[in-house]
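Next come the chains, spelled out residue by residue.
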Amino acid sequence: IGYIPYYEPDEKGGTEFEFFDSHFNAKKSPLLLIGPTGTGKTLSQAAYCQQRNIANLQADCSEGTKKADLIGRFVILEGTVWFQLGTLPAAIEIANQLKKAAIDFEEINGLLPHMQKIVNQFLDYRDHVYIPEIGRLFKVNEGCKLMVFATMNPSTYGGTHELNKDFKNRFTEMKIPYPSSEQEFNILEHEGMDVKYVKSIVQLGMELRASEAAGDVDDSPSPR
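The structure contained in this document is the topic of the report that follows.

Calculation rules
- Counting of residues starts from 1 at the beginning of each chain's written sequence and follows it residue by residue.
- It should be noted that, the model being predicted, local features are given only for residues of pLDDT at least 70 and side-chain atom pairs only at 80 or more, the latter also being counted only at that level, while totals for whole chains, interfaces and linings use all residues.
- The basis for every side-chain value is the complete set of heavy atoms in the structure, and neither hydrogens nor water enter the calculation.
- Points on a 1 Å grid, built from protein atoms alone, make a cavity when a 1.4 Å probe fits but cannot get out and make a pocket when they are open with protein on both sides within 12 Å along at least 5 of 7 lines; residues with an atom within 4 Å of a point are the lining residues.
- Grid points are joined across faces, edges and corners, and a volume is the space filled by probe spheres set on the points.
- Secondary structure is summarised from DSSP: a helix means a run of H or I of at least four residues, a strand means a run of E of at least two, and numbering begins at the N terminus for each.
- Strand pairing follows a simple DSSP-based rule, namely that at least 2 bridges must link the two strands.
- Axis geometry follows a simple rule: fit a line to the C-alpha atoms, using only the stretch in contact for helices, then measure angles between N-to-C directions, giving values from 0 to 180 degrees.
- Any two residues whose heavy atoms approach within 4.5 Å at even a single point are treated as in contact.
- When a residue's accessible area, from a 1.4 Å probe over protein chains only, is under 20% of the maximum for its type it is buried; when over 50% it is exposed; and in between it is partly exposed.
- Angular relationships are summarised with four words: roughly parallel below 35 degrees, roughly antiparallel beyond 145, roughly perpendicular across 65 to 115, and oblique for the angles in between.
- Whether a crossing is left-handed or right-handed is set by the direction in which the near helix is turned from the far one by less than a right angle, anticlockwise for left-handed and clockwise for right-handed.
- Residues are sorted three ways: Asp, Glu, Lys and Arg are charged, Ala, Val, Leu, Ile, Met, Phe, Trp, Tyr, Cys and Pro are nonpolar, and all the rest, Gly among them, are polar.
- For Phe, Tyr and Trp, where Trp contributes only its six-membered ring, two rings pair if their centres lie within 6.5 Å, and the inter-plane angle classes them as stacked under 30 degrees, edge-to-face over 60, or tilted in between.
- Each ring is checked for a lysine NZ or an arginine CZ that lies within 6 Å of its centre and within 35 degrees of its normal; such an atom marks a charge sitting over the ring.

**Overview of the layout of surface pockets**
- Its volume calculated, the second largest pocket comes out at about 320 Å³.
- Every residue lining the second largest pocket is counted, 19 residues in all, and those nearest its centre are K27, D127, V140, C144 and K145.
- Only helix 1 (16-25) and strand 8 (145-152) provide two or more residues apiece to the lining of the second largest pocket.
- A per-element tally of the lining of the second largest pocket places strand 8 first, with four residues.

Structure representation (structure tokens):
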């Protein structure tokens, strides 16, 4: 990423990057980041990968995501039939080439339930992706690492699906809440906003979020 985001660690609860490190160093430990929109779920793992020099791939998930997008499809190019790798085997190939990589499934609860099943084979003990169309098994080589991140908004958001229990259980969940008023003040001040406006903006944001939680308003501003 071209923009280096300002990272404001939570001194009481430790830092997200230390948590990411422990999961990256584990043999198999996919991580699911859950929180409201604009709280830094995507940017946190992108900034982590940049800081640790890890190749970072991103896959946007939606109801329109098909098996061909995840596994691959046959395509015709200049009169020749080729098999184009999908997101999962392509990420495995990159991890094997570069020794370490990460893939982030954005808004993973946008996947239809039967699409979630397709990802299971890579998230569990099998640790591979098999493509029957070409009779080939894709697996991360010994000494290489492919870390799996996923993000999702709370399931009450529109256009999302409940995660299959077997699918969700393959992840460790990490909640990404709104920052405290003090953290948000530091972030806005760091981004160059005039201090005389920052306190009022932070207070307004806090009050609107409280109103949303109480059901008085339909939406509230994110830190972003």
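**Digging into the sheet that holds strand 1 (residues 31-34)**
- The strand order across the open sheet built from five strands is 2-5-8-1-9, with neighbouring strands paired in parallel fashion. Two strands bound the open sheet, and with one partner strand each, they are strand 2 (55-60) and strand 9 (172-175). Strand-to-strand twist in this sheet, taken as the mean axis angle between neighbours without regard to direction, amounts to 25°.
- Its contacts with the sheet place helix 4 (residues 87-98) against strand 2, strand 5 (100-106) and strand 8, and it is angled at close to 155° to strand 5.

**A short note on helix 2 (residues 41-51)**
- Turning to helix 2, its buried residues number three or more, namely K41, S44, Q45, A46, A47, Y48 and C49.
- Close packing links the buried residues of helix 2 with helix 1, strand 1, strand 2, strand 5 and strand 8.

**A short note on the packing of helix 1 against helix 2**
- Contact geometry for helix 1 and helix 2: axes closest at 11 Å, N-to-C directions at 70°. Taken together, the axis directions place helix 1 and helix 2 in an arrangement best described as roughly perpendicular. Handedness of the helix 1/helix 2 crossing: right-handed. Facing F17, F20, D21 and F24 of helix 1, the residues of helix 2 in contact are S44, Q45, A47, Y48 and Q51.
- Considering only residue class, the contact of helix 1 with helix 2 consists of five nonpolar, three polar and one charged.

**Observations concerning the packing of aromatic side chains**
- Tallied over the entire structure, the rule returns six aromatic pairs.
- Ring pairing ties together the aromatic residues F17, F20, Y48 and F149, which thus form one cluster.
- Its guanidinium or amino end placed over the ring of F122, K28 lies 3.4 Å from that ring's centre, counting from NZ or CZ.
- Directly above the aromatic system of Y178 lies the positively charged group of R209, at a separation of 4.4 Å from the ring centroid.

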